[in-house]
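Coordinate inspection notes
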Amino acid sequence: MQVYQIVFSPTGGTEKAAEMISSGLGAEKKAIDLSKQSFAGCSLEKDSLAVIAMPSFGGRAPQIAIDRLKMIRAEGTKAVVVAVYGNREQEDTLIEMADAAKECGFEVIAGISAIAEHSIAHQYAAGRPDQSDAEQLKGFAKQIAAKLPDPSAPKLPGNRPYKKAGAGLAPKTSSACVSCGLCAANCPVGAIDTADPKKTDKNICINCMRCVAICPQGAKTVSPLMVKAVGMALKKACSERKENKLFL
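The text that follows walks through the structure, step by step, so that each part is easy to find. Everything numeric here is computed off the predicted structure, so don't read it as measured data.

Turning our attention to helix 1 (residues 13-25). Here helix 1 is 13 residues long and its end C-alpha atoms lie 19 Å apart, about the 18 Å a rise of 1.5 Å per residue gives. Gly13, Thr14, Ala17, Ala18, Met20, Ile21, Ser22, Gly24 and Leu25 are the residues of helix 1 that are buried. Looking at the buried side of helix 1, the elements it contacts are strand 1 (2-7), strand 2 (28-33), strand 4 (48-55), strand 6 (78-85), strand 7 (107-115) and helix 4 (131-147). Looking one or two residues past helix 1, Gly26 carries a phi angle of roughly 60 degrees, positive in sign.

Moving on to the pattern of salt bridges. This model, assessed by the stated rule, comprises 10 salt bridges. In this structure, the salt-bridge partner of Glu19 is Lys29, at a minimum N-O distance of 2.8 Å. In this pair, Glu19 sits in helix 1 while Lys29 sits in strand 2, placing the two residues 10 residues apart along the sequence. A residue is classified by how much of its surface remains accessible, and Glu19, at 32% relative accessible area, is partly exposed. Notably, a salt bridge pairs Lys70 with Glu103, separated by 3.6 Å at the nearest N-O pair. Of this pair, Lys70 sits in the loop between helix 2 (63-69) and strand 5 (72-73) while Glu103 sits in helix 3 (residues 93-104), and the two are 33 residues apart along the sequence. A relative accessible area of 32% means that Lys70 is categorised as partly exposed.

The next point concerns the pairing of strand 1. With respect to burial, strand 1 is a largely interior element, 6 of its 6 residues being buried. Side chains of strand 1 alternate between two faces, with Gln2, Tyr4 and Ile6 and Val3, Gln5 and Val7 buried alike. In this fold, strand 1 hands off to helix 1, which returns the chain to strand 2; that crossover is right-handed. Direction of pairing for strand 1 relative to strand 4: parallel, over a ladder of 6 bridges. Its bridge partner being in strand 4, Gln5 is matched across the sheet by Val51.

Another aspect to go through is the packing of helix 1 against helix 4. Two elements in contact, helix 1 and helix 4, have axes separated by 7 Å at closest approach and are oriented at 50 degrees. Between helix 1 and helix 4, the interaxial angle falls into the category oblique. Crossing geometry of helix 1 relative to helix 4 is assigned as right-handed. Judged by residue contacts, Ala17, Met20, Ile21, Ser23, Gly24 and Leu25 of helix 1 engage Asp133, Ala134, Leu137, Lys138, Ala141, Lys142 and Ala145 from helix 4. Partitioning the contact of helix 1 with helix 4 into residue classes produces 8 nonpolar, 2 polar and 3 charged.

Moving on to the sheet that holds strand 10 (residues 245-247). Pairing in this open sheet of 6 strands is mixed, and the strands run 2-1-4-6-7-10 from one edge to the other. In the strand order of this sheet, the two ends are held by strand 2 and strand 10, each with one partner. Each neighbouring strand pair of the sheet contributes to a mean axis angle of 20 degrees, computed without reference to strand direction. Against the sheet, helix 4 engages strand 6, strand 7 and strand 10, with an angle of about 170 degrees to strand 7.

So, on to the side chain of Arg68. Along the chain, the position of Arg68 falls in helix 2. For the buried Arg68, no salt bridge exists, and the shortest N-O distance to an oppositely charged side chain is 7.1 Å, to Asp33. A distance of 2.9 Å separates the side chain of Arg68 from the backbone oxygen of Leu34, its partner in a polar contact. Other than its neighbours up to four places away in sequence, Arg68 contacts Phe8, Leu34, Ser35, Lys36, Gln37, Phe39 and Pro188.

Another point: unusual backbone geometry. A cis amide bond links Arg128 with the next residue in sequence, Pro129, at an omega value of 5 degrees. When you line up the elements, Pro129 lands in the loop between strand 7 and helix 4. Non-glycine residue Glu75 carries a positive phi angle of around 55 degrees. Mapped onto the elements of the fold, Glu75 is located in the loop between strand 5 and strand 6. By relative accessible area, which is 57% here, Glu75 ends up exposed. Residues other than glycine seldom take positive phi values, yet Asn87 does so here, at roughly 75 degrees. Within the secondary structure, Asn87 is located in the loop between strand 6 and helix 3.

Parameters at a glance
- Residues numbered from 1 in each chain as written.
- Predicted model: local features only at pLDDT ≥ 70, side-chain atom pairs only at ≥ 80, totals over all residues.
- Heavy atoms only, no water.
- Helix = DSSP H or I, 4+ residues; strand = E, 2+ residues; numbered from the N terminus.
- Expected span 1.5 Å × (residues − 1).
- Buried < 20%, exposed > 50% of the residue type's maximum accessible area, 1.4 Å probe, protein only.
- Contact = heavy atoms within 4.5 Å.
- Salt bridge = Lys/Arg side-chain N within 4 Å of Asp/Glu carboxyl O.
- Right-handed = clockwise from strand over helix to strand, strands pointing away.
- Pairing = 2+ DSSP bridges.
- Axes fitted to C-alpha atoms, helices over the stretch in contact; angles between N-to-C directions.
- Parallel < 35°, antiparallel > 145°, perpendicular 65-115°, else oblique.
- Left-handed = near helix turned anticlockwise from the far one by under 90°.
- Nonpolar A, V, L, I, M, F, W, Y, C, P; charged D, E, K, R; others polar.
- Lys, Arg positive; Asp, Glu negative; His and termini not counted.
- Polar contact = N/O pair within 3.5 Å; in protein donor to acceptor, adjacent residues only side chain to side chain.

Here it is as structure tokens:
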């Protein structure tokens, strides 16, 4: 069976969780990267399985990821939707992803909420997904594989209408920038000026933190005061270790 790993993963945590699930399915895998600016859509085989993974940004799926998912034609391809969040809550992310997947022609048979290190307040879920997560997610994959003959839809958490998307923290560029252009080339939405990578269009930026994560000079940063404020705001909700969940 062909497994399509369809991922939007700006800082790598979502992709890591998706890899753990895909490896547990023990099948040939083909990666589809929704974070590429050049993504132009594709069509999938019906007799295959898609693992669709996105991060949760304030309880919602990134709009650009949803828009690019809708460029895929599935024709009844079975799918598992995976919402990856930084130990707070995934809220409406899974149900939003499932709605978009169904619109594309996917048959959603399962959902997973998975934990990864918070992209801004790194002290929360630090180092996750870890080995314990890997074992759990691979176990989920085996349960999903056993369910493949059953077309019933899972009951996913979340609400319609979805919660309002919140505002993020746009990274700034310090004097350490050497204009290598790595951030501009890899920004999922093209918010960084390719001619002058020190410039970011805040109206386009989705605050995904990819530029912060990949800058070799550490020149892309979020205000330490704002990071501290975010950390304090999340302390009550994020301090206790949360576990991954499977919805069949």
